[in-house]
Amino acid sequence: MTVFDRTIGQVPKTILSDNLRLATFVAAIFASAALLFTVEPMFTKMVLPRLGGSAAVWTTATVFFQSMLLAGYVYAHLLMKFASLRTALVIHLVVMVGACAVLPLHIAAGWGRPPAESESLWLIGLFTVSIGLPFFALSANSPLLQAWFARTDHQSAKDPYFLYVASNIGSFLALIAYPFVIEPFIGLGAQTSLWTAGFYGLIMLIGGCAALSSRSRSLPRAIVAPETEAVRPGWRDVASCVGLSAVPSGLLLAVTSYMSTDVAAVPLFWVLPLALYLLSLVIAFQTNPVIPHWLVLRAFPVCIVILTFFVALNPVQWLVSSLTVHVVAFFVTALMCHGEIARRRPAARYLTNFYIWLSAGGLIGGVTTGLLAPHLFTWIAEYPILIVSAILCIPGAAGSAVKALTDKAIERALIAALVVGLLVLFALKGLDIRFAYTTVVVIIGLLLGTTVYCWRKPVSFAAIVGFVFIANAYCFTYDRGNHVVRNFFGVLDAAETYDGRFRVLWHGTIGQGSQRIRDDRGVPVTGRPEMIAEFFDGAGIAQTVDAVRARFGRPINYAVIGLGTGAMTCRAKPGDTVTFYEIDPEVIRVARDPKLFNYISECGPQTEIVQGDARLTLSDAPAKAYDLIFIDAFLGAAIPVHLLTREAMAMYFTKLDPHGIVAVHVSNRNLELASVVAGVASANGATARHYRGGDVQESIHENKWVPKVVAVAHAEEDFGVLAKSAYWPVIDRDPAQQVWSDDYSNVLGALLRKWKERMNLTAITLNK
C-alpha cells in the first residue's frame, strides 16, 4: 500500500510534505527579502546625519547594496557549483550565524566624521564595516534557496523562478511599509531590535529549508532541467541581460536623486522608486503578468513624450505633477526592460548564472549613475543618457538602427538635422546669444510632435528626446556668466537672471541666495552689496539680528548654519563677529569668490567658515559662545533632518548665551517645518515665536522675498522687541505631533501639512 491510499479521506503524506516544503521555502525567501530591503532605508537613515542629510548618501548607499548583492550572488553560484547540496547547506548556515556577531545593527566605531573629500568611498567603507556581513549573507539567500529548491523532487522544481516573485513581493512590501508604517511610529532603536529578532528567526527558517532539502530526493545537477530546455546562453544573451538590467538600475538612482534633492533626503523618497523597481520585477516574472508586456511596449513611448514635455517646460512649481510624471516614466521603463529580461531568462540549470548577470547589470547602472556621473558631468547628463538608452532597448531597436544607416533616408536626414541643431545651440551659447523662452518651447514642441511619427523608429525617437534634454540644459539651466560645479552634495549653479540684474546661487532647482550685480540701467553695482532675497532690511531675519543686538546692548557674536552666498556677513555691524558652518566645500569656494558674490569680500573678508556637518562641528565650539544661532539650511534642497531634532536643539542651547536666541529659517517649498521647531523647542523647555510676514512687502522685481522664521528662547524677555510685535506670535507645540528626535522623524507628515496649507490658501483665494 502506498502513502497515497493508506487512509481514505486523509490528505496524502506526499502532498503534505510537498506543501510544507514549499511553504517553508517561500517563507524563508519572503522573510529574507523583507529583512534585506528593510535594512537599506533603516541603516542609511542612521548614517544620514554624518553627511549633512545629502541626497547623495542614498545614491552611494545603493551602490554599496548593489555591490554586496552581486557578491552574494557570486557566492551562491560558486557554492552550488563546487559544493554538494549538504555541504552548501552547512556552509551557508555557518555564514548566517557568523553574521550575528555584528548585531544589533550600529555604526562601527571609528567612523564618526567623514573626510573633506572622497565622501563616497568613505561612506562605502562605513557600510562595509558596519553591515557588510549580514547584508552579504541575506543577499545570497534568494538564489541559494531557489537553487536548493530546483534540485529537489518537488513538482514545481523544474521552473523555480516563481520563487523570485515571492522574493520581490517581500522586498516590495517591506519598502512600502518602511515610510508609512515603520518610520512614523517606531524609533530607530526599536527598529534595530526588531530587525535583529527577525534575522534570528530567518536562521531558523533556513535551517528548516536545509532539513527539508536533505530529506528530499535531490536530483543530479546534470538533469535539473531537460536538455532541450537547458540551452547554454550565449554571450549575446548575457550582454542583453546585463544591458537591460543596467538601464532601469541607473534610472532608479537618477529619479531618486531628483526626488531627494528637491524635497528631502529621507526614506520616504528613497523607497518609493525602489519599491516600484521591485514591483516591475514582480510583474515581469509572473507567469501571466497583470500588465501584459505588449501593453508596456505601447505605453512606453507615450510616457517618454510626456516626460520630455515636462523636462522642456521645467515646471518646478508643479511638484506633485512633475514627480508623478518622472516616477511613472521610470516605472514603465523598468517594466519594459525587466519584461524583456524575463522573456529571455534561461532554464533553471543556469539560475545562479542568471542572477549574477542581472546583479552585474544593476551594479554597472548604479556605479555609472551614483559614482562616475558626478565626476564626469557638471549637470545631470546621466538622466537623458539613460532615457535615450531605454528607448534603444525597445525590441527591434538594433534592426531599426541598421535600417536607419542603410535605406531610411528620412531618418538619416532627421538625425543630421538634430546634430546641426545641437551645433547651433553650442554656437549660440558661445556667443552669449539667448533664445526667447517661447521660441524654445515652440521648437521643442515641434520636435516632440515629430515623435508621434518617429516613435516606431527608435533611433529617430532617441535622437529627438536627447536633443530636447540637451536643449533644455543649455537654454534654461545654463545661462550667461555661469559658474557650474557638481560634487557629492549636488549641482551648484551661480547664474545671472534673464534681465542681467541679479546673480542667483542655485542648488538643483532651489535658490540658495542672490545678489544684485547691475542696476536697472545695466550698470554694474560695486561696493557693499544691497541686502536682498530673504535677508532684506525690515524682514524677519533682519528683525531677529537687530532684536538680539538690542537685547544685549553691545556687539554680538552669531553663528550661521548654512553659508549660501554669505549674505549674513553683511548683517554684521562694527564689533560683531559671525561664524559660518557649511558642509559643502564648493559652496565655500563660490561664496568667497568676489567675481560671483562679494558679500564676504566686502563685509567680512576674515569671516570664519567652518567646513563640515554642523551637528559635528558646532559641538566643538566653546559653551555659551554665541548670542544668536541662525539655522538657514531648510530652503528645500535635501533638508538635513538631524538639525531639527530635540537633541540638536539641546546642543544649540549649550553653545548659546543663556539669554540668546536660536532662529530657524523655515521657508520651504514642500514641507511645513514651523510646528516641528515648536515641538523641539517645547521639549527643551523653550518658547517659539513664528514670523510669517505681513509688515513688509515682497518685490519680485527687486528680488526680495518674505522669509518664514521661528525664533526660540528660554524666557519671554530674551525675545526683546520681538515679544512685543504682533507679527511674531507664539507658536505652541501641536500635541498631535510626536517631537522629532535623532531616533524619530516624520517627513511625510510635514509634506502633508504643507499640502493642506496650500489647499487652504487656494480655497481662500478662490473665495475672494
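These figures come from a predicted structure and were not determined experimentally.

Participant: Mind showing me how you'd approach the overall build of the protein here?
Facilitator: The number of helices and strands found in the protein is 23 helices and 11 strands. For the protein, buried positions account for 57% of its 768 residues. Considering only contacts in the protein between residues 6 or more positions apart, those separated by 24 or more positions represent 77%. Here the protein displays about 31300 Å² of accessible surface, and carbon together with sulfur accounts for 63% of that area.

Participant: Help me out: how do you make sense of the sheet that holds strand β2 (residues 490-496) in this one?
Facilitator: Within a sheet, neighbouring strands are paired by backbone hydrogen bonds and run either parallel or antiparallel to one another. Read from one edge to the other, the open sheet built from four strands follows the order β1-β2-β3-β4, with strand pairing classed as antiparallel. Each having just a single partner strand, β1 (483-487) and β4 (510-516) make up the two edges of the open sheet. Strand-to-strand twist across the sheet, computed as the mean angle between neighbouring axes with direction ignored, equals 10°. When β1 meets β2, the two strands line up antiparallel, connected through five bridges. Each residue of the ladder has a partner; that of Val484, found in β2, is Asp493.

Participant: Mind showing me how you'd approach the state of the cysteines here?
Facilitator: Working definition: the covalent bond between the sulfur atoms of two cysteines is a disulfide. Taken as a whole and assessed by the stated rule, the structure comprises one disulfide. Across the disulfide, Cys570 is cross-linked to Cys603 (sulfur-sulfur distance 1.9 Å). Disulfide Cys570-Cys603: torsion about the S-S bond near 90°, hence right-handed. Of the two residues, Cys570 is situated in the loop between β5 (557-561) and β6 (577-582) and Cys603 in helix α19 (residues 599-603); the sequence distance between them amounts to 33 residues. As far as burial versus exposure is concerned, Cys570 and Cys603 are alike and both buried.

Participant: Which parts of the structure should I look at to understand the pattern of salt bridges?
Facilitator: Where charged atoms from two side chains of opposite charge come close, those side chains can pair. Under the defined criterion, the tally for this structure stands at 24 salt bridges. Here Arg343 and Glu340 are joined by a salt bridge, their closest N and O atoms 2.6 Å apart. Note that Arg343 and Glu340 are positioned in helix α10 (residues 319-343) at a spacing of three residues, about one turn of the helix. Among the residues examined, Arg343 registers a relative accessible area of 55% and is labelled exposed. One salt bridge in this structure joins Asp499 and Arg501, with 3.0 Å as the shortest N-O distance. Take Asp499: its relative accessible area is 48%, and that puts it in the partly exposed class. We classify Arg501 as buried; its relative accessible area is 5%.

Participant: In this structure, what is going on with the side chain of Thr369? I would like to understand it.
Facilitator: By the secondary structure assignment, Thr369 is in helix α11 (residues 351-376). On the basis of relative accessibility, which here comes to 6%, the residue Thr369 falls in the buried class. Polar contacts involving the side chain of Thr369 include one to the main-chain carbonyl oxygen of Gly365, which spans 3.0 Å. Residues contacting Thr369, with those up to four places away along its chain left out, are Gly250, Leu253, Ala254, Pro374, Glu382 and Leu386.

Participant: What is the right way to read the environment of Ala495 from this model?
Facilitator: Structurally, the position occupied by Ala495 is in strand β2. Given the relative accessible area of 5%, Ala495 is considered buried. The sequence separation of Ala495 and Ser514 amounts to 19 residues, and the corresponding C-alpha distance is 9.3 Å.

Participant: Would you mind going over the sheet that holds strand β10 (residues 687-691) with me for this structure?
Facilitator: Taken in spatial order, the seven strands make up an open sheet running β7-β6-β5-β8-β9-β11-β10, and their pairing is mixed. At either margin of the open sheet sits one strand with a lone partner, and together these are β7 (608-611) and β10. The sheet shows a mean angle of 20° between the axes of neighbouring strands, direction not considered. Two elements, β6 and β7, share four bridges in a ladder whose sense is parallel. Counterpart to Phe580 in the pairing with β7 is Ile609. Seen against the sheet, helix α22 (residues 674-683) touches β9 (656-665), β10 and β11 (709-713) and runs at an angle of roughly 5° to β11.

Participant: Before we go on, may I ask you to explain the pairing of β1 in this structure?
Facilitator: Within a regular strand, the side chains alternate between the two sheet faces. The buried fraction of β1 amounts to four of the five residues, a majority that puts the element mostly inside the structure. Hairpin connection from β1 to β2: two residues lie between these consecutive antiparallel strands.

Participant: Before we go on, may I ask you to explain the packing of helix α2 (residues 56-82) against helix α4 (residues 119-150) in this structure?
Facilitator: The axes of two packed helices give the description: the angle between them and the distance between them. Interaxial distance between α2 and α4 falls to 6 Å at its minimum, and their mutual angle equals 40°. Here α4 runs oblique to α2, going by the angle between their axes. When you trace α2 past α4, the crossing you get is right-handed. Here the residues of the contact of α2 with α4 sort into 23 nonpolar, six polar and no charged.

Participant: What am I meant to see in the nonpolar core here?
Facilitator: Phe127 and Trp148 are the most contacted members of the largest nonpolar core, which has 130 residues in total. Among the elements that line this core, the one with the most residues is α4, at 16 residues. Discounting chain neighbours no more than four positions away, the residues touching Trp148 are Phe25, Met80, Leu85, Ala88, Leu89, His92, Ile206 and Ser213. Within the second largest apolar cluster, 49 residues are counted, among which are Phe535, Ile556, Ile588 and Val706.

Participant: Honestly, the pairing of β6 in this entry has me stumped. Any pointers?
Facilitator: In terms of residue burial, β6 counts as a mostly covered element, since five of its six residues are buried. Here β5 runs beside β6; their pairing, made up of five bridges, is parallel. What sits directly across from Val560, in β6, is Phe580.

What counts and how
- Position labels on residues start from 1 in each chain and follow its written sequence.
- Two thresholds apply to this predicted model, a pLDDT of at least 70 for residue-level local features and 80 or more for giving and counting side-chain atom pairs, whereas whole-chain, interface and lining totals are computed over all residues.
- Side-chain measures here rest on the full set of heavy atoms in the structure, leaving out hydrogens and waters.
- A run of DSSP states H or I qualifies as a helix once it reaches four residues; a run of E qualifies as a strand once it reaches two. Both are numbered from the N-terminal end.
- Partly exposed residues are those whose accessible area sits between 20% and 50% of the maximum for their type, while under 20% is buried and over 50% is exposed, using a 1.4 Å probe and protein chains only.
- In this description, contact between two residues means that some pair of their heavy atoms is separated by no more than 4.5 Å.
- Only the protein chains shown count as cover for residues, and all accessible areas are computed by the Shrake-Rupley method using a 1.4 Å probe.
- When DSSP finds two or more bridges between two strands, those strands count as paired.
- Orientation is described by axes fitted as lines to C-alpha atoms, over the contacting stretch for helices, and by angles from 0 to 180 degrees between their N-to-C directions.
- Criterion for a disulfide: a pair of cysteine sulfur atoms at a distance within 2.5 Å.
- Here, a salt bridge means any Lys or Arg side-chain nitrogen found within 4 Å of an Asp or Glu carboxyl oxygen.
- What qualifies as a polar contact is a pair of N or O atoms within 3.5 Å, subject to a donor-acceptor requirement within protein and to the restriction that residues adjacent in sequence count only when both atoms come from side chains.
- Roughly parallel means an angle under 35 degrees; roughly antiparallel means over 145; roughly perpendicular covers 65 to 115; every other angle is labelled oblique.
- By convention the crossing between two helices is left-handed if the near helix lies anticlockwise of the far one by an angle smaller than a right angle, and right-handed if it lies clockwise.
- Think of it as three bins: nonpolar holds Ala, Val, Leu, Ile, Met, Phe, Trp, Tyr, Cys and Pro, charged holds Asp, Glu, Lys and Arg, and polar takes everything else, Gly as well.
- We define a nonpolar core as any set of buried Ala, Val, Leu, Ile, Met, Phe, Trp, Tyr and Cys residues linked to one another through side-chain atoms lying within 4.5 Å.

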